[in-house]
Structure formats: structure tokens, C-alpha cells
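Residue-level listing of the chains:
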Amino acid sequence: MWSLIQQIAPYAIIFTIPLLITALGALFSERSGIVNIGLEGLMVIGAFTGALVIYTIQSSFPGSTTAIWVGIVVAMVAGVLFSLLHAFASINLSANQIISGTAINMIAGAITVFLARNMTGSGKISINAFKSTNVPYLSDIPIIGDLFFTRTYPTTWLVLAILIISTFILYKTPFGLRLRACGEHPHAAEAAGINVKRMRYYGVMISGAFSALGGAVIVVTYAGEFTGTVAGLGFLALAALIFGQWKPLGILAATFFFGFATTVANVSQVVPALAVIPPVLLKIFPYVVTLVALIIFSKSSQAPKAVGEPFDSGKR
């Protein structure tokens, strides 16, 4: 059993990281008062942009690691720009945020596949991705080293650093206080001199950057190519946000659970102890547990009070 956990844990972390950063982006958006179900589309935009930039640079400089980092940065910028569509519709036009997010998902999926097919003919963009490595010295630590410091990617540590910084910003800085105030009591925040619409724009833009980073992470780690989809991970990240009760550490726990469950489903056929279980049951397990958890904890939900509600300045 222990050897099985040792084998699965590094891969579970790999699957957890894009979910974690995307769910963190959703946290910023919803804490500001804007529901963003366009996470899936923003991840696709990040995956496409990152893959395209990396492929273009590596065509001239094969094997360049710098190309990967440039692709990640450009993907985040693209995510911010694309998220402005949702921000403008939701904040300035007071459009239904669910419909706006759905439109983002549809537009992103269609336009990226169209562009990829016209560029490559197959709709796929393959790149030379990061290679997994063991962390020097730390991977030699008994028990912990095998679980957390073997077969890791640079993006893993980048995202974990963003998690720590995000937690500090949300709960220990004036910016975080203002952002959370806009999601809880926007009119009181306005009365205190906070520009609610601006803060909500910031929340959505951060969501766009983080979601696009999540899509790019998939491409530069275990996928190695853009295929036109992120397999529903954007919706799973939204579920992790709810499951984690809109708190960074809760989100970390929820996304790790989903990452571990996904890994178990993927390796079930080569593990004798799991091979007897129908693969479809393992694949739907995390989603079923999410539904059960949402039902159980629905009455004690800690969602921001004003999330999803349009804000009209000066009206109470």
C-alpha cells in the first residue's frame, strides 16, 4: 500500500497544480463579487497561447527553456485580455454573469481550435515541455522526499508560491480587504470610498491570468501539446472552489483530492489492487463526491454574500 502511495503522489501533485491555480483565480473573482464560470475557456486560451508562443520560439531555438517561460508569461497576458470581455459584460453592462461566462467558454474553444487547425492542419500544437526532476537534497528526506520532492516541475513551485502570496494578499493587505468587502457588502465598500467596479475588474483580471496559467501549465508539463481542450478542468476547479469554501487552504485540500482521484483513475488498470474496480467508477468518483459534499454543506456555504449580484453605483 505504501509503495502504491509513493508511486501515485508525485503524479497527483502534477494533476493538482493546474486545478489549484485556476481555482485560486476563481477565488479572487468571486471574492470581488463576480462569478466566473468561464474558467474553462480561459484555460483553453492560456493553453493555446502558451503552446503557440513556445512552438514559435522553439522552431528557431530548439530546446530553449526560456521559450517555455516566455510562453507562460504571454499566456497569462492573453488570459487577462480575454477576461476583460467577461468583466465588461458583468460589471459595466450588468449582464447575467453565468451567461457571460458560458459565452467565454464557447468563444475560446471555437476560436482556438479554428486557429490551431489553420496553423497546423491537425488542430494540435506540440512543444518540447519541461522535464520532471527531483529536488536536490529534499528528495532524499525519508518518506516526505518520495512523496513531494520527486518528479516535480518548476511550475509546481511557482504555483505554490502564488498560493502563499495570494493568501497573504487576501487576508493581510488593504487590497485584499477591499476586494473581499466588494464581494460581501459592495455598497458599504463604496460608502467607505472604495471603487467597487475597479476592484471587481482587478478580481476578474487576476482570475483570467491564473486560469490561463493553469492552461499553460498543462501544456508545459504532462500534456506537452495543445489539443483544443482541457478536459473540463475549468469546471472541476470551480467545484473545488465551492468544495474548499472559498478559502485558499480549503481549495488546496480540495484540488489535491481531485488530483489524487484523477491519478488513481488513470493508473487503475496497471495496479492489481485497483484493476478489479471498473475504470468508469474511479473516473466519476471525484465528481460524485463533489455533488454529495455540495448537498451536505450547502446550508453552511461561506460564499461571498454579494457574489453574482450586479452593482449599480449610488443605489442601495
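The structure displayed is predicted, hence computed values, not measured ones.

**Student:** For this particular structure, what's the right way to read the overall build of the protein chain?
**Tutor:** Of the regular secondary structure elements, the protein chain holds 13 helices and two strands. For the protein chain, the C-alpha radius of gyration of 20 Å lies close to 20 Å, the compact-globule estimate for 316 residues. With the principal axes as the frame, the protein chain shows a C-alpha extent of 60 × 45 × 40 Å. Within the protein chain, buried positions represent 48% of all 316 residues. Sequence separation of at least 24 residues holds for 77% of the intrachain contacts in the protein chain that already meet a minimum separation of 6.

**Student:** Quick question: what am I supposed to make of the pattern of salt bridges here?
**Tutor:** Side chains that differ in charge, positive against negative, can pair when their charged atoms come close. For the coordinates displayed, the defined rule picks out one salt bridge. A salt bridge links Glu184 to Arg31; the shortest N-O distance between them is 3.6 Å. In this pair, Glu184 is assigned in helix α7 (residues 174-184) and Arg31 in helix α1 (residues 2-32), connecting sequence segments 153 residues apart. Using a relative accessible area of 22% as the deciding quantity, one classes Glu184 as partly exposed. Owing to a relative accessible area of 9%, Arg31 belongs among the buried residues under this scheme.

Conventions adopted
Residues numbered from 1 in each chain as written. Predicted model: local features only at pLDDT ≥ 70, side-chain atom pairs only at ≥ 80, totals over all residues. Heavy atoms only, no water. Helix = DSSP H or I, 4+ residues; strand = E, 2+ residues; numbered from the N terminus. Rg over C-alpha atoms; globule rule 2.2 N^0.38 Å. Buried < 20%, exposed > 50% of the residue type's maximum accessible area, 1.4 Å probe, protein only. Contact = heavy atoms within 4.5 Å. Salt bridge = Lys/Arg side-chain N within 4 Å of Asp/Glu carboxyl O.

In short, shape yes, function no, at least from these values alone.
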